[in-house]
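Fold and contact review
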Amino acid sequence: MSRPGFADLADVVGRFDAQDYLLDEGTASAIYLALALGRPLLLEGEPGVGKTTAAKALAAALDTTLIRLQCYEGLGAGEALYDWNYQRQLLAIRMAESRAGRLDESDLFTEEFLLPRPILQCVRHRGAGAPVLLVDEIDRADDEFEALLLEFLGESSVTVPELGTFSAERPPVVVLTSNRSRDLHDALRRRCLYHWIEYPKPERAVAILRRTVPEANTALIKQVTEFVGEARGLDLDKPPGLAESIDWVSALAALGATELGRAEAVTSLGAIAKTPDDRDSIVALLDHNERDRATPCAAPDVTT
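Here's what I pulled together on the structure shown here.

Reading the values: rules and limits
Residues numbered from 1 in each chain as written. Predicted model: local features only at pLDDT ≥ 70, side-chain atom pairs only at ≥ 80, totals over all residues. Heavy atoms only, no water. Core = buried A, V, L, I, M, F, W, Y, C linked by side-chain atoms within 4.5 Å. Buried < 20%, exposed > 50% of the residue type's maximum accessible area, 1.4 Å probe, protein only. Contact = heavy atoms within 4.5 Å. Patch = residues over 30% accessible without salt bridge, like charges linked within 9 Å, V, L, I, M, F, W, Y side chains within 5 Å. Areas by Shrake-Rupley, 256 points an atom, 1.4 Å probe, with all protein chains shown as cover. Salt bridge = Lys/Arg side-chain N within 4 Å of Asp/Glu carboxyl O. Lys, Arg positive; Asp, Glu negative; His and termini not counted. Charge placed at Lys NZ, Arg CZ, Asp CG, Glu CD. Helix = DSSP H or I, 4+ residues; strand = E, 2+ residues; numbered from the N terminus. Expected span 1.5 Å × (residues − 1). Arc of directions from axis to C-beta. Phe/Tyr/Trp six-rings, centres within 6.5 Å; stacked < 30°, edge-to-face > 60°. Lys NZ or Arg CZ within 6 Å of the ring centre and 35° of its normal.

**Some remarks on the nonpolar core**
Soluble globular proteins tend to pack their nonpolar side chains together in the buried interior. In terms of nonpolar packing, the biggest core is built from 55 residues, with Phe 6, Phe 16, Ile 31, Leu 58, Phe 227 and Trp 248 touching the most fellow members. Apart from residues lying up to four places away in sequence, Phe 227 is in contact with Trp 248, Leu 260, Ile 272, Ile 282, Leu 285, Leu 286 and Asn 289. Within the second largest apolar cluster, 33 residues are counted, among which are Leu 75, Tyr 82, Ala 141 and Val 160.

**Looking at a negative patch on the surface**
Residues Asp 235, Asp 237, Asp 277 and Asp 280 make up a contiguous surface patch of negative charge. By the secondary structure assignment, Asp 235 is in the loop between helix 11 (218–231) and helix 12 (242–254).

**So, unusual backbone geometry**
Phi at Ser 156 takes a positive value of approximately 55 degrees, unusual for a residue other than glycine. Locating Ser 156 in the fold gives a position in the loop between helix 8 (143–155) and strand 6 (157–160). Of the residues examined, Ser 156 reaches a relative accessible area of 16% and is grouped as buried. One non-glycine residue, Arg 180, lies in the positive phi region at around 60 degrees.

**Topic: the environment of Phe 6**
For Phe 6, the position within the fold is in the segment before helix 1 (9–18). By relative accessible area, which is 10% here, Phe 6 ends up buried. Counting along the chain gives 28 residues from Phe 6 to Ala 34, while the straight-line C-alpha distance between them is 11 Å. Leaving out residues up to four positions away in the same chain, Phe 6 has contacts with Asp 11, Val 12, Arg 15, Phe 16, Ile 31, Tyr 32, Leu 35, Leu 58, Ala 61 and Leu 62.

**Things to note about the pattern of salt bridges**
For the structure on display, the rule yields 17 salt bridges. A salt bridge links Asp 24 to Arg 204, with the shortest nitrogen-to-oxygen separation between them at 3.7 Å. Placement of the pair is Asp 24 in the loop between helix 1 and helix 2 (25–37) and Arg 204 in helix 10 (residues 202–212), with a sequence separation of 180 residues. In this structure, the salt-bridge partner of Glu 169 is Arg 126, at a minimum N-O distance of 3.4 Å. Of this pair, Glu 169 sits in the loop between strand 7 (164–167) and strand 8 (173–178) while Arg 126 sits in the loop between helix 7 (118–123) and strand 5 (132–136), and the two are 43 residues apart along the sequence. The exposure class assigned to Glu 169 is partly exposed, which follows from its relative accessible area of 43%. Several salt bridges share partner residues, and in doing so they unite Asp 17, Asp 20 and Arg 211 into one network.

**What about helix 5 (residues 86–98)?**
Given a rise of 1.5 Å per residue, 13 residues ought to cover 18 Å, and the 18 Å separating the end C-alpha atoms of helix 5 matches this to within 8%. If you check which residues of helix 5 are buried, you get Gln 89, Ala 92 and Ala 96. The buried residues of helix 5 all sit within an arc of 60 degrees when viewed along its axis, so they share a single face. Exposed and facing more than 90 degrees away from the buried side of helix 5 are Gln 87, Leu 91, Arg 94, Glu 97 and Ser 98. For helix 5, the elements touching its buried residues are strand 3 (82–84) and helix 6 (105–108).

**Thoughts on the packing of aromatic side chains**
Taken as a whole, this structure holds 5 aromatic pairs when the rule is applied. Between Phe 16 and Tyr 21, the ring centres sit 5.8 Å apart and the planes meet at 75 degrees, which makes this aromatic pair edge-to-face. Looking at Phe 16, the relative accessible area reads 0%, which means it is buried. On the basis of relative accessible area, Tyr 21 is assigned to the buried category, the value being 10%. When the centroid spacing of 4.9 Å and the interplanar angle of 90 degrees are considered together, the rings of Trp 84 and Phe 109 count as edge-to-face. Placement of the pair is Trp 84 in strand 3 and Phe 109 in the loop between helix 6 and strand 4 (114–116), with a sequence separation of 25 residues. Taking the relative accessible area as the measure of exposure, Trp 84 reaches 6% and is therefore buried. Its relative accessible area of 21% is what places Phe 109 among the partly exposed residues. Three or more aromatic residues joined by ring pairs form one cluster here, namely Phe 6, Phe 16 and Tyr 21. Here Arg 232 stacks its cationic end above the ring of Tyr 199, 4.1 Å away from the centre of that ring.

In structure tokens:
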């Protein structure tokens, strides 16, 4: 069965551009190859560089359904693969008892009582095109959860012991994201194509901000991009990513700022400073830059 995909790299870039997502060549290549080869794509990178947004843009570019599985500590099969509707099972038992009947275990574990969770929903998807499954922040889940994914990642199928194995008619497009807060198992990495998303270079960050926050002027965007680059060099608890840059420019524009002045910057600092220590460090950097701008350049020594 034919898989969803793109004609070439230019097609990838063009269709993402139509979704207001500006791809770099490396990420475009990774997406193109993942779809062409029918492999899951593991996107790693620092928080806020656009990994989750890339998966959303991919679903929009393919004009298909996005199914998202947000990972967290303790995530298991009941939340990710499937579960049973225990309330309906209990109701069925009581109804059978009221008629002096009896239900066997095999009567209770049927499709009537099955609750598909995101992964099984993908496998059983019957839409016009294959869905995109976003397994978001897999590094936040426990090691055991990765083992649950292996059958699905390798075969696009899910086994329910009571019912058998469900296999996808159209293998879903799978994107996993990780902030690399812990190492992932080799077995999972082997099943995926891999790409590390870097924080964009200044010129690309400016282009993204222009596209994302059109109400902000170019001078403000350039100043914010330069300042965030400086701030990322500080010893921060949570270095600001592209998402924080977008939030900060949006906040500054909402305040009517046309350049990065200290008053508006401090007022809107919650967009990029996520801890009290980070706030103090960023305010100190703002003050340092203000002093540098206020200090006149020393006159050149022209004595002979």
